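Chain residues, written in single-letter form:
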Amino acid sequence: MHLAIDISPHAPSPRELMERALEPHVLLGMPHLNPYGLSETWLMKELGHRHWVLLAMRLGMENADFRTPDGREVYASLCATSLRKARLELAAANDVLTIRSSVAQVSRTQWSSRHWLEIRGFCIGEVELVSAFVHRTVEGDNRTLARVGHWGALAEPFTRSELAATAASFRRGTAESHLGMSIPFDAALLSHSFRPSPHQEFNGAGLFYFAEFQAIADRAVETWFPDEIGSLTRRDAFFTGNIVPGEMVTARLRYLQKSESLRYACELTREDGTRIACLFVEGTKATRRAIR
């Protein structure tokens, strides 16, 4: 006996599929989880996709194929992300995660989406993503991303985003601290290097995927403090560059505070020493991480 699951009489259009991609309810299973609750990497990839779809629908597009008037491909590259009030440990298999989202333009080239996460009526996190439209000025070279103003931008006042304003300070190199955590430019407290896999950690546009920046930072921190990482409560990430496939990324610990809670700032640089991200994390400190 076979179970028929395709009840649609016709193949849906891209527009219909974009609408389905914004369905607010997700039944959680193994792809969405890790041993400690909801996977932050899965969550950010999912919200990144919803951000992309929200932009296309907000601009009245029938699919999410962003291009300049002369046909060049354009990407909504993430400039910053903020996960707050995180309680990802509350998620378990067969829970229903509800995601409610909004999107607004914050500058000529930037958009912000906000996402509210609930399980069983409990808030498990609030997320903001800020993106900018970019294109490569040299074909195939991820180090040559440049911003472009979107020709379909709406004629309405920009929405204020503190996250976007802070991200601009990091791009200019004028930011020296965030959330009370300083990031001195002298010797790092600790460092660890990785070579991301083009098959696993780059996206369909050939860019080092924004959700993998935090995954690499986590690998470094878990290498440095394997028995002290508890539950994440907040993570703000600011992205200032990208890498080419095959390039090494070095995580450098720039700030650390260990007491009842754990607070740290981590900088990611590529092989030429250029900073590509700063991540600021607040969480609980644990002597032993209990698997659910």
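Our structure's up above, just so we're on the same page.
Residues numbered from 1 in each chain as written. Predicted model: local features only at pLDDT ≥ 70, side-chain atom pairs only at ≥ 80, totals over all residues. Heavy atoms only, no water.

Engineer: It is not clear to me how the environment of Ser-259 should be interpreted in this structure. Could you clarify?
Structural biologist: Tracing the backbone shows Ser-259 in the loop between strand S13 (249–258) and strand S14 (261–270). The spatial distance from the C-alpha of Ser-259 to the C-alpha of Gly-140 is 45 Å, given a sequence separation of 119 residues. (Helix = DSSP H or I, 4+ residues; strand = E, 2+ residues; numbered from the N terminus.)

Engineer: How do you make sense of unusual backbone geometry when you look at a structure like this?
Structural biologist: Comment: phi is negative for the bulk of residues other than glycine, and the bulk of peptide bonds are trans. The backbone of Lys-85 sits at a positive phi, close to 50°, despite the residue not being glycine. In this structure, Lys-85 sits in the loop between strand S4 (75–84) and strand S5 (96–105). Positioned with a positive phi, Asn-94 is a non-glycine residue whose angle comes to about 75°. Mapped onto the fold, Asn-94 is located in the loop between S4 and S5.

Engineer: What is the right way to read the pattern of salt bridges from this model?
Structural biologist: Scanning the entire structure with this criterion turns up 18 salt bridges. For the salt bridge of Glu-128 with Arg-114, the shortest nitrogen-to-oxygen distance reads 3.5 Å. One end of the pair, Glu-128, is in strand S7 (residues 122–136); the other, Arg-114, is in strand S6 (residues 110–119), with 14 residues separating them in the sequence. Take Glu-128: its relative accessible area is 6%, and that puts it in the buried class. Classification of Arg-114 by relative accessible area gives partly exposed; the value is 34%. Residues Glu-267 and Arg-254 are paired through a salt bridge, measuring 2.9 Å at the closest nitrogen-oxygen approach. On the criterion of sequence distance, the pair formed by Glu-267 in strand S14 and Arg-254 in strand S13 is long-range, its members being 13 residues apart. Among the charged side chains, a network of salt bridges with common partners joins Glu-40, Asp-218 and Arg-235. (Salt bridge = Lys/Arg side-chain N within 4 Å of Asp/Glu carboxyl O. Buried < 20%, exposed > 50% of the residue type's maximum accessible area, 1.4 Å probe, protein only.)

As far as function goes, none of this settles anything; it's purely spatial.
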